[in-house]
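Inside the fold
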Amino acid sequence: MFLISDKKLLAIIVLIAIALRVFYCVGFIGKNLQDDGVYITEAQKILDGRVHFNKLTFEKPLNPIEQFPLRIGFNYPLALCIKLFGKSDISLSLFPILCSIVMLFTTYKIALISYNRTTALMASGLFAIFPFDILWSTRVLSDETVGMWIALAFLMFLGEKTKHIILCGICLGMAYLNKSIAIPFAALFLMLTVYKKPINAIYFVFGFCVVWSLEYWLYGSMFYHYRVDASTNVFKFVKDGSGEIPFGYITIKFAHYLIWYFEFLLMGVKEATEGMRGDLAFTYLAIIGMSIRSNKNGLFLLIFTILTYLILEIAPIGFAIKNNTLVWERIISQARFLTVLTVPLVIFAAVGLIQLYRRCSMLGIVAGILLLITSYYSLTTNYHVLILEKLRK
């Protein structure tokens, strides 16, 4: 299907991805002291030598802004970019863009292992032009970094050697250094490794704890970051005082999101700007791709995709009993967290597009053209909305 070598074609795809992310770089949006401004402040503190880990003390009730000093996996690379290149939209977004390019290569490898070279090259090409990732990878936010580490963790999970499982745990530990959202993902990967081979659980936990133990060295507690995040992300599922988690309600949500999963991913983005919309061509192609029979690794990718979405919707950071009511201290869902689903989305979209082409070449070509047109429309429209947001700061 491809007339030039994989390396040359992948190099072209990477250049296109970089060019799009530089050209449509959003950078710093400082309106109302949004997250990116807090990250830049924390990075500047590092450069000024004003960070002293053993002196960090927080008391309840906590403000969400107190989580940011603990996200050292993003703050220190950001500080390095500022030190080397100063403060500009490109330099501030440089690390997330780099993470996006690493995710592109990871997409290629996962698709290659799970399907074939054609799917791998197509998936990496779709990743390069995916509007959602182009814009979110050019914000001064840690979500792209978390998505990269989780994607790398899945790639390592697919490996057969002990070192791969240890590296899988290390990748989850690195994700935790960016956000404690990695804890429920660590539980997910632990479950998958046990299913694949029970002994792998030991290697995975070892790899995760190698990085996680850094928190004990910095703060004197391996649960410090976790406690701060859990204390600022409380959502009450239970309102009737029964003290029981409403599993019936969760089951209904699960069935609902199985149907509307990609619709929400691409149409539900309302965080940084009202009216931001994704590309529905990716949605329908991915749905087709998810329905295609695949090998064991492709099935693992599908299971990972479904469970990941459930984590983002209902997974807890912690539990508490308050006034005889069980309180689910949960992850606050925000659209940008869906970055962790970008890799499986574009892989399934590639599978769907290829299957359309194989069954009816004209239908596949038309679908590809529509994808390019709608991607361009989505990208340019949403980019200009974000730029207007910058001007209102």
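Calculation rules
- Within every chain, residues take consecutive numbers counted from 1 along the sequence as written.
- Only residues with pLDDT of at least 70 get local features here, since the model is predicted, and only at 80 or more are side-chain atom pairs given and counted; chain-wide, interface and lining totals rely on the full set of residues.
- Each side-chain value is worked out from all heavy atoms of the structure, with water and hydrogens disregarded.
- A helix here means a DSSP run of H or I that spans at least four residues, while a strand means a run of E at least two residues long, and both kinds are numbered starting from the N terminus.
- Exposure classes here rest on a 1.4 Å probe applied to the protein chains alone. A residue is buried below 20% of its type maximum, exposed above 50%, and partly exposed in between.
- Only heavy atoms matter for contacts: two residues are in contact if any of them lie within 4.5 Å across the pair.
- For the accessible areas, the method is Shrake-Rupley and the probe is 1.4 Å, while residue cover comes only from the protein chains on display.
- A fitted line through C-alpha atoms serves as each axis, taken over the contacting stretch for helices, and the angle formed by two N-to-C directions is quoted from 0 to 180°.
- Just so you know how the angles are binned, under 35 degrees is roughly parallel, over 145 roughly antiparallel, 65 to 115 roughly perpendicular, and the rest oblique.
- Note on convention: the crossing is left-handed when the near helix lies turned anticlockwise from the far helix by less than a right angle, right-handed when the turn is clockwise.
- The classification used treats Ala, Val, Leu, Ile, Met, Phe, Trp, Tyr, Cys and Pro as nonpolar, Asp, Glu, Lys and Arg as charged, and all other residues, Gly among them, as polar.
- Note on aromatic contacts: the rings of Phe and Tyr and the six-membered ring of Trp form a pair at centre separations within 6.5 Å, being stacked when their planes are under 30 degrees apart, edge-to-face when over 60 apart, and tilted otherwise.
- A patch is a set of surface residues, each over 30% in relative accessible area and not in a salt bridge, joined within 9 Å for like charges and within 5 Å for the nonpolar side chains Val, Leu, Ile, Met, Phe, Trp and Tyr.
- Salt bridge, as used here: a side-chain nitrogen of Lys or Arg that lies within 4 Å of a carboxyl oxygen of Asp or Glu.
- Residue types Ala, Val, Leu, Ile, Met, Phe, Trp, Tyr and Cys, when buried and joined through side-chain atoms within 4.5 Å, form a set referred to as a nonpolar core.
- Here the expected length of a helix is defined as 1.5 Å per residue gap, with one fewer gap than residues.

Moving on, we get to the overall build of the protein chain. Secondary structure summary: the protein chain contains 16 helices and two strands in total. Looking at the 393 residues of the protein chain, the share that counts as buried comes to 55%. Taking contacts inside the protein chain between residues at least 6 apart in sequence as the whole, the part at least 24 apart equals 77%. Carbon and sulfur atoms provide 67% of the accessible area of the protein chain, an area that totals close to 17700 Å².

Next up on the list: the packing of helix α5 (residues 117-129) against helix α15 (residues 342-359). The interhelical angle for the contact between α5 and α15, taken along N-to-C directions, is 120°, at an axis separation of 8 Å. Judged by the angle between their axes, α5 and α15 are oblique. Crossing of α5 against α15: the hand is right-handed. Across from T118, T119, M122, A123, L126 and F127 in α5, the residues of α15 making contact are T342, V343, V346, I347, A349, A350, V351, L353 and I354. For the contact of α5 with α15, the per-class residue count stands at twelve nonpolar, three polar and no charged.

This part covers the packing of aromatic side chains. Overall, the coordinates contain 16 aromatic pairs when judged by the stated rule. Their ring planes at 65° and their centres at 4.8 Å tell us that Y39 and F74 sit as a pair that is edge-to-face. You can see Y39 sitting in helix α2 (residues 35-47) and its partner F74 sitting in helix α3 (residues 72-85), a full 35 residues away along the chain. F74 carries the same exposure label as Y39, and that label is buried. Ring geometry for F132 against W136: centres 6.2 Å apart, planes inclined by 50°, an arrangement best described as tilted. Within this pair, F132 and its partner W136 are both found in helix α6 (residues 131-136), separated by four residues, close to a single helical turn. Under the relative-accessibility criterion, F132 is labelled buried at 6%.

Together, Y357, M362, I365, V366, I369, L370 and I373 make up a nonpolar patch on the protein surface, roughly 650 Å² of accessible area in all. Broken down by element, the residue count for the nonpolar patch peaks at six residues, all from helix α16 (residues 361-391). On the accessibility criterion, I373 (51% relative accessible area) is exposed.

With that settled, the discussion passes to the pattern of salt bridges. Considering all chains together, one arrives at six salt bridges under this definition. For R21, the salt bridge goes to D133, with nearest N and O atoms at 2.9 Å. Here R21 is found in helix α1 (residues 6-23), whereas its partner D133 is found in helix α6, with 112 residues between them in sequence. Accessibility assignment for this pair places R21 and D133 in one class, buried. As a salt-bridge pair, E160 and K196 come within 3.9 Å of each other at their nearest N and O atoms.

Within the largest apolar cluster, 103 residues are counted, with the highest numbers of intra-cluster contacts made by L78, L126, F154, L172, F185 and F189. Excluding its chain neighbours within four sequence positions, the residues that come into contact with L126 are F282, V346, A349, A350 and L371. Listed in part, the eight residues of the second largest apolar core include L177, V211, L218 and V228.

Now for the side chain of D36. Structurally, D36 can be placed in helix α2. Look at D36 and you get buried, because its relative accessible area is 0%. Setting aside anything within four residues of it in sequence, one finds D36 in contact with G27, F28, I29, R139, V140 and L141.

Here helix α9 (residues 182-196) contains 15 residues, and its C-alpha end-to-end distance of 20 Å stays within 8% of the 21 Å for a straight helix at 1.5 Å per residue. A182, P184, F185, A186, L188, F189, L192 and T193 are the residues of α9 that are buried.

Attention now moves to the environment of L379. Considering the arrangement of structural elements, one finds L379 in helix α16. Among the residues examined, L379 registers a relative accessible area of 5% and is labelled buried. With near-sequence residues (within four places) excluded, L379 lies in contact with Y24, P131, I134 and L135.

One way to put it is that α9 packs onto helix α10 (residues 200-219) with a least axis distance of 8 Å and a crossing angle of 155°. By the angle between their directions, the pair α9 and α10 is classed as roughly antiparallel. Pair α9 / α10 crosses with right-handed handedness. Here A186, F189, L190, T193 and V194 of α9 come into contact with α10, specifically with N200, A201, F204, V205 and F208. Split into classes, the residues belonging to the contact of α9 with α10 amount to eight nonpolar, two polar and no charged.

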